[in-house]
Amino acid sequence: MSPESPDTDTTAGAVHTAAPASSPGRSAPERSGGPEPAGGPAPADRPRLLRDASLSAVLAGFVAVVVSYSGPLVIVLSAASAGHLDTAQTSSWVWAISIGSGLTCIGLSLRTRMPVITAWSTPGAALLVTSLGAYSYAEAIGAFLITGAVITLIGLTGVFGWLMRQVPTAVVSAMLAGILFGFGTHVFTSLETAPLIAGSVLPAYLLAKRLLPRYAVLIALAVGVAASAATSRLHVHVDKIELARPVLTTPEFSVASLVGIAVPMILATLASQNAPGMAVLSASGYQGEDRLLIGTTGLASTALAPFGSHAINLAAITAAICTGPEAHHDPRRRYVAGVSCGAFYLLIGAFGSTLVAFFAGLPEELVAAIAGVALFGALAGGITGAVKEEKDREAALITFLATASGVTLFGIGSAFWGLVFGVAAHLVLSGQWRRGTNEA
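It should be emphasised that the depicted structure is a prediction, and the values quoted were computed from it without experimental measurement.

A. Here's a closer look at the overall build of the protein chain. Counting secondary structure elements, the protein chain contains 20 helices and two strands. Considering the protein chain as a whole, with its 440 residues, one finds that 56% of them fall into the buried category. A separation of at least 24 residues holds for 84% of the contacts in the protein chain among residues at least 6 apart in sequence. For the protein chain, the exposed surface amounts to about 17600 Å²; the carbon and sulfur share of it is 66%.

B. Molecular detail of the nonpolar core. If you look at the biggest cluster of nonpolar residues, it comprises 104 residues, and the most contacted ones within it are Val 63, Trp 93, Leu 128, Phe 144, Leu 180, Tyr 345 and Ile 370. Setting aside anything within four residues of it in sequence, one finds Ile 370 in contact with Val 63, Val 201, Val 217, Ala 220 and Leu 221. The next biggest cluster of nonpolar side chains, apart from the first, holds five residues, and it includes Trp 95, Ala 96, Ile 99 and Ala 244.

C. Seen up close, the pattern of salt bridges. Evaluation of the coordinates by the stated rule reveals four salt bridges. When the shortest N-O distance is used, the salt bridge between Arg 332 and Asp 330 registers 3.5 Å. The buried category is assigned to Asp 330, whose relative accessible area is 12%. We note a salt bridge from Glu 389 to Lys 391, for which the minimum N-O separation is 3.4 Å. You can call Glu 389 partly exposed: its relative accessible area is 38%.

D. Looking closely at the packing of aromatic side chains. Applying the stated criterion to the full structure yields nine aromatic pairs. With a centroid separation of 5.5 Å and 80° between ring planes, the pair formed by Phe 181 and Phe 400 is classed as edge-to-face. Pair noted here: Phe 181 is in helix H9 (residues 169-189) and Phe 400 is in helix H19 (residues 393-405), with a separation of 219 residues, a long-range link. Measuring from ring centre to ring centre gives 6.4 Å for Trp 417 and Phe 421, while their planes differ by 35°; the resulting arrangement is tilted. One end of the pair, Trp 417, and the other, Phe 421, are both in helix H20 (residues 414-430), four residues apart, so they sit about a helical turn from each other. One aromatic cluster is present, formed by Tyr 69, Trp 120 and Tyr 345 through successive ring pairs.

E. Structural detail: unusual backbone geometry. Even without glycine at this site, His 84 takes up a positive phi of about 60°. Assignment of secondary structure puts His 84 in the loop between helix H4 (72-82) and helix H5 (87-112). Positive phi values are uncommon outside glycine, yet Arg 113 reaches one of about 55°. By the element assignment, Arg 113 lies in the loop between H5 and strand E1 (118-120). Judged by relative accessible area, Arg 113 falls into the buried class, the value being 13%.

F. Examining the packing of H9 against helix H18 (residues 376-387) more closely. Running from N to C, H9 and H18 point in directions that differ by 140°, and their axes come no closer than 7 Å. For the crossing formed where H9 meets H18, the hand is left-handed. Across from Ala 170, Ser 173, Ala 174, Leu 176, Ala 177, Leu 180, Phe 181 and Val 187 in H9, the residues of H18 making contact are Phe 376, Ala 378, Leu 379, Gly 382, Ile 383, Gly 385 and Ala 386.

G. Summary view of the packing of helix H10 (residues 195-211) against helix H11 (residues 216-230). At their nearest, the axes of H10 and H11 sit 8 Å apart, and the two run at 155° to each other. For the element pair H10 / H11, the angle class is roughly antiparallel. The two elements H10 and H11 cross, and the hand of that crossing is right-handed. Facing H10, whose interface residues are Leu 196, Ile 197, Ser 200, Val 201, Ala 204, Tyr 205, Ala 208 and Lys 209, H11 presents Ala 216, Val 217, Ile 219, Ala 220, Val 223, Gly 224, Ala 227 and Ser 228.

H. Region of interest: helix H13 (residues 290-304). For H13, with 15 residues, the first-to-last C-alpha span of 21 Å sits near the 21 Å given by 1.5 Å per residue. Of the residues making up H13, those classed as buried are Asp 290, Leu 292, Leu 293, Ile 294, Gly 295, Thr 297, Gly 298, Ala 300, Ser 301 and Leu 304. In this fold, the buried residues of H13 make contact with H5, E1, helix H7 (137-157), helix H8 (159-165), helix H12 (255-283) and strand E2 (312-314).

I. Structural detail: the side chain of Thr 399. Its place among the elements puts Thr 399 in helix H19. Owing to a relative accessible area of 0%, Thr 399 belongs among the buried residues under this scheme. Within the structure, the side chain of Thr 399 is placed 3.5 Å from the backbone oxygen of Gly 418, a separation counted as a polar contact.

J. Inspection of the side chain of Ser 54 at higher detail. Within the element layout of this structure, Ser 54 appears in the loop between helix H2 (49-52) and helix H3 (55-70). Within polar-contact distance, the side chain of Ser 54 engages the side chain of Ser 56 at 3.3 Å. Look past the residues within four positions of Ser 54 in its chain and what remains in contact with it is Ala 327, His 328, Arg 333 and Val 336.

K. Spotlight on the environment of Ala 279. Within the secondary structure, Ala 279 is located in helix H12. A residue is classified by how much of its surface remains accessible, and Ala 279, at 1% relative accessible area, is buried. Residue contacts for Ala 279: discarding those within four places in its chain leaves Met 164, Val 172 and Met 175.

Conventions adopted
Residues numbered from 1 in each chain as written. Predicted model: local features only at pLDDT ≥ 70, side-chain atom pairs only at ≥ 80, totals over all residues. Heavy atoms only, no water. Helix = DSSP H or I, 4+ residues; strand = E, 2+ residues; numbered from the N terminus. Buried < 20%, exposed > 50% of the residue type's maximum accessible area, 1.4 Å probe, protein only. Contact = heavy atoms within 4.5 Å. Areas by Shrake-Rupley, 256 points an atom, 1.4 Å probe, with all protein chains shown as cover. Core = buried A, V, L, I, M, F, W, Y, C linked by side-chain atoms within 4.5 Å. Salt bridge = Lys/Arg side-chain N within 4 Å of Asp/Glu carboxyl O. Phe/Tyr/Trp six-rings, centres within 6.5 Å; stacked < 30°, edge-to-face > 60°. Axes fitted to C-alpha atoms, helices over the stretch in contact; angles between N-to-C directions. Left-handed = near helix turned anticlockwise from the far one by under 90°. Parallel < 35°, antiparallel > 145°, perpendicular 65-115°, else oblique. Expected span 1.5 Å × (residues − 1). Polar contact = N/O pair within 3.5 Å; in protein donor to acceptor, adjacent residues only side chain to side chain.

Just distances and angles here, no functional claims.
Here it is as structure tokens:
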């Protein structure tokens, strides 16, 4: 925590109940989903966006976008290649997932006054790498439509949120720590291949954290970019700027594509993306209205499916960059990071795959190191919440180990299995089903 925010409560699990964002007749502060600082309640009038804006929050949104386009997007491009999509279809796919993520980030963050970060389904894209080539593109679009519609239905009914609220707080915090563990270690493993780049980021971050804590990540990024240029590892270039041209594809439906694409996509998106995404918000002290968040991302997925979007969902890793104290020491002002992230998504999406080359030119060690230091606060919060209660520590440890292991079973990632094993351990050790912090 920065020296300038000693009274801010960012402890994992410090969830504050808020009225649903869609409740009629509520005043603006009552709809806020963010945690209140220990110093007192929010002001009577909701501050304006410009008044709440800060360089640290804008930077957090930018770093989240850099991480997204430097990693998960590669999987999307691989899936497009495996499915033999042409340049126009691929550009439309990038446009659709970027625009969908941008609009939902901005809309949900402004609506809830929480840093709601959305993204495209990474495990869903990984699934398409091996399956997209077996179907026509129109059949895939039909499967995407069904995926979005089903996720919307599950979100709006509240079933998904009810299940998430039953998970003990320690297990949620341990899952968050497990998700972020690898990013923390990448700060140091990057030293093997790029010692000057990775080795400059951490000292710069620590010195800035001591002297200018609010700009620590920005200074670390600037030093890392300078080190990348000095070692001739910076290959950022954009040959030409072109606006993306969305391609509308008429969907076709087949039993084979529904079974082969839609069903596993629904399971992977809900279990490996939306569940961790809700957990990150909870562990950071925010209580999101699940019907609003999951329902909105499902609707965005459905609306953009004909243009190539496979699934839009809550983010986890990039969300942690924007929900922690590095984004802003005041939790009520971190929603600006969500708006910033969405704005950068829209900017890049408007130019399709043109600006993707810009992020592809950043050394992967630089991206890993910056993401790692930006997640230090969130990782520390997850660890704190996991070990806070002695009676929950073993279940939390099992959750952490399963999540950090990276194991994938039945096409579903380790974050979901961390929850499963952690809840099972809690039931065995306690002999009862204890509700989490979010009471129904």
